[in-house]
Amino acid sequence: MRTKVAIIGGGPSGLLLSLLLHQAGIDNVVLERKTREVVLGRVRAGVLEEGVVALIGAAGASDLLRKHALRHDGTVIYDGTSAFRIDFAGISGQSVFVYGQQDLTRDLYDRHAEIGGQIIFNAENLAIHDAKSDSPFVTWTSEAQGAMQLRADFVAGCDGFHGVSRRTIPDTVRHEYEKVLPAAWLGVLSQTSPVHHELIYAASARGFALCSMRHHNLSRYYIQCVATDLAEDWSDEAFWSELKRRIPGEFAAKLVTGPSIEKSVVPLRAFVCEPMQWGRLFLCGDAAHIVPPTGAKGLNAAAADVADLSMALCQFYASGEQSGLEGYSATALARAWKIVRFSLWFTGLLHRFPGQSPFDLNLQRADLAQLRDHAAMQKIMSDSYVGFVR
Ligand SMILES: Cc1cc2nc3c(=O)[nH]c(=O)nc-3n(C[C@H](O)[C@H](O)[C@H](O)COP(=O)(O)OP(=O)(O)OC[C@H]3O[C@@H](n4cnc5c(N)ncnc54)[C@H](O)[C@@H]3O)c2cc1C
């Protein structure tokens, strides 16, 4: 088998890249380790930047998103005693769109099937070879067909944090930076109407809480928990009771609770791998960087890489111009570090961590007051929240 771009991983990054390349007539094949059902079953992210929505439109997959996504022009921040609003539309002239990663992934898969794109599922033991040469190739095994091989001009590593692409870059070249925070999020999905039409980020004395949603009758709530907690340690009742104690009283009073239809623990950590290119292998999304979920940047950061890489590949195939490919890693890493900075700052602003001294807590309060009272702080926060994809 031969193709122009071998895409490792059929998550949102891989599918979006595949569609954008198909739009430009660039042949590609997606190789996914799991089944379609497993990929489509992942709940995860839910807030998209305006630039990402435009990118999904360019990939031909935004019809349902434009119909059903909830446009949010701002967000509520609770500092433990009072709540204030950041007006994204007024400050930054942009909004964000609430649309679940599950729905987005389904739309990308449906569009991919419509245009006859090729995805190989259950690709096991995948390995990338000769990435430093002009003719890299990928091998894998499949239960039905045995040992397989795909030659390509380029390999795009879109296989998430646990994939093989990043580890193909030799240890002598690869630098990994990681910060693990001593807390996690416990998330609950419930078929209830959201407590508010915008997200509420709450910095309570009992720890962080987030009131989010997927659509009008599907709410997503999170509370900060201990990093070692398991989802099964928390009954629904315990979750709702703790959430109510962390959000403003007016919202707690009208919170509609119900049985959880999904409950999971998300670790809080930041990770960056440098470089994001090695020879003809290019990393995108979670394969190269992870951010704590505060600020909803994970999926948006992945889409930003895909935007750059697809543009660079289109440029190369249209004219032989290589500058986009050569500059990919530096551009993507500069953005990734800004996204890490924002996500860690926003996390630090809103969480309580073990060992925080009264001094630390006073600084945190001052930081929150500055965000509440100063237009310049709101501008930085708002611009970062609405987007790194323009
Ligand atoms: C539990 C969890 C909760 C999250 N919650 C949020 C959130 O609330 N908000 C937010 O913004 N972001 C969140 N994120 C982050 C967001 O989901 C990711 O940033 C996004 O999924 C990145 O997409 P991706 O395609 O780069 O990687 P992934 O979604 O990880 O997709 C990678 C794909 O590659 C496949 N793969 C892996 N290894 C191989 C291999 N060897 N061969 C072939 N295929 C392989 C995987 O099966 C997967 O389908 C969360 C992430 C996790 C893990």
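Since the structure is predicted, the reported quantities are computational estimates derived from the model, not experimental observations.

K.L.:
Which parts of the structure should I look at to understand the site of the ligand?
P.N.:
Surrounding the ligand, one finds 27 residues, the nearest of these being Ser13, Glu32, Arg42, Gln101 and Asp286. Between the ligand and glutamate 32, the relevant distance is 2.6 Å, taken from an oxygen atom to a side-chain nitrogen or oxygen of the residue. The side chain of arginine 42 places a nitrogen or oxygen atom 2.7 Å from an oxygen atom of the ligand. Bound to the protein, the ligand loses 87% of the 1,000 Å² it would expose on its own. Its residues placed into classes, the shell around the ligand shows 11 nonpolar, 8 polar and 8 charged.

K.L.:
Help me understand the nonpolar core in this model?
P.N.:
Within soluble globular proteins, side chains that are nonpolar generally end up buried alongside one another. Of all hydrophobic cores here, the largest spans 76 residues; its most connected members are Leu16, Leu31, Leu48, Trp140 and Leu309. If you tally residues by element for this core, the top one is helix α10 (residues 298–319), at 10 residues.

K.L.:
Can you walk me through the side chain of serine 13 in this structure?
P.N.:
Relative to the assigned elements, serine 13 resides in helix α1 (residues 12–23). Not counting residues up to four positions away in its chain, the partners in contact with serine 13 are Cys158, Cys284, Gly285, Ala302 and Val306.

K.L.:
It is not clear to me how the pattern of salt bridges should be interpreted in this structure. Could you clarify?
P.N.:
Note that side chains of opposite charge can pair when their charged atoms are close. Scanning the entire structure with this criterion turns up 23 salt bridges. Arginine 85 serves as the salt-bridge partner of glutamate 198, at 2.8 Å between the closest nitrogen and oxygen. Linking glutamate 198 in the loop between β12 (175–190) and β13 (200–204) with arginine 85 in strand β6 (residues 83–87), this pair joins segments that are 113 residues apart in sequence. By relative accessible area, glutamate 198 is classed as buried at 4%. Judged by its relative accessible area of 39%, arginine 85 falls in the partly exposed class. Across the salt bridge formed by aspartate 383 and lysine 379, the nearest N and O atoms sit 3.1 Å from each other. One end of the pair is aspartate 383 and the other is lysine 379, both in helix α13 (residues 375–386) and 4 residues apart, which spans about a single turn.

K.L.:
Explain α13 here, please?
P.N.:
Since the α-helix turns once every 3.6 residues, residues separated by three or four places project in the same direction. Between its first and last C-alpha, α13 extends 16 Å over 12 residues, near the 16 Å set by a 1.5 Å rise per residue. The complete set of buried residues in α13 reads Met377, Gln378, Met381, Ser382, Ser384, Tyr385 and Val386.

K.L.:
Before we go on, may I ask you to explain the environment of leucine 333 in this structure?
P.N.:
Locating leucine 333 in the fold gives a position in helix α11 (residues 323–350). Leucine 333 gets classed as buried once you look at its relative accessible area, which sits at 10%. Spatially, the C-alpha atom of leucine 333 lies 39 Å from that of lysine 244, the residues being 89 residues apart in sequence. Not counting residues within four places of it along the chain, the set of residues in contact with leucine 333 comprises Val272, Cys273, Glu274, Pro275 and Met276.

K.L.:
Would you take a moment to explain the sheet that holds strand β16 (residues 260–274) for this structure?
P.N.:
In a beta sheet, neighbouring strands are held together by backbone hydrogen bonds and run either parallel or antiparallel to one another. Strand order in this open sheet of 8 strands is β6-β5-β13-β14-β15-β12-β16-β19, and the pairing throughout is mixed. Strand pairing shows two members of the sheet lacking a second neighbour, β6 and β19 (289–290), which therefore form its edges. Pairing of β13 with strand β14 (residues 207–215), which is carried by 5 bridges, proceeds in the antiparallel orientation. Bridge pairing in β14 places alanine 202 opposite alanine 209.

K.L.:
Would you explain the packing of α11 against helix α12 (residues 358–373) in this entry?
P.N.:
Helix-helix packing: each pair is described by the crossing angle between the helix axes and the interaxial distance. Look at α11 against α12: their axes get within 9 Å of each other, and the N-to-C directions meet at 115°. The orientation of α11 relative to α12 falls into the category roughly perpendicular. Relative to α12, α11 is oriented so that their crossing is left-handed. Packed against α11, whose contacting residues are Trp345, Gly348, Leu349 and Leu350, the element α12 presents Gln364, Asp367, Leu368 and Leu371 at the interface. Its residues placed into classes, the contact of α11 with α12 shows 5 nonpolar, 2 polar and 1 charged.

Cut-offs used in this document
Residues numbered from 1 in each chain as written. Predicted model: local features only at pLDDT ≥ 70, side-chain atom pairs only at ≥ 80, totals over all residues. Heavy atoms only, no water. Near = heavy atom within 4 Å. Polar contact = N/O pair within 3.5 Å; in protein donor to acceptor, adjacent residues only side chain to side chain. Areas by Shrake-Rupley, 256 points an atom, 1.4 Å probe, with all protein chains shown as cover. Nonpolar A, V, L, I, M, F, W, Y, C, P; charged D, E, K, R; others polar. Core = buried A, V, L, I, M, F, W, Y, C linked by side-chain atoms within 4.5 Å. Buried < 20%, exposed > 50% of the residue type's maximum accessible area, 1.4 Å probe, protein only. Helix = DSSP H or I, 4+ residues; strand = E, 2+ residues; numbered from the N terminus. Contact = heavy atoms within 4.5 Å. Salt bridge = Lys/Arg side-chain N within 4 Å of Asp/Glu carboxyl O. Expected span 1.5 Å × (residues − 1). Pairing = 2+ DSSP bridges. Axes fitted to C-alpha atoms, helices over the stretch in contact; angles between N-to-C directions. Parallel < 35°, antiparallel > 145°, perpendicular 65-115°, else oblique. Left-handed = near helix turned anticlockwise from the far one by under 90°.

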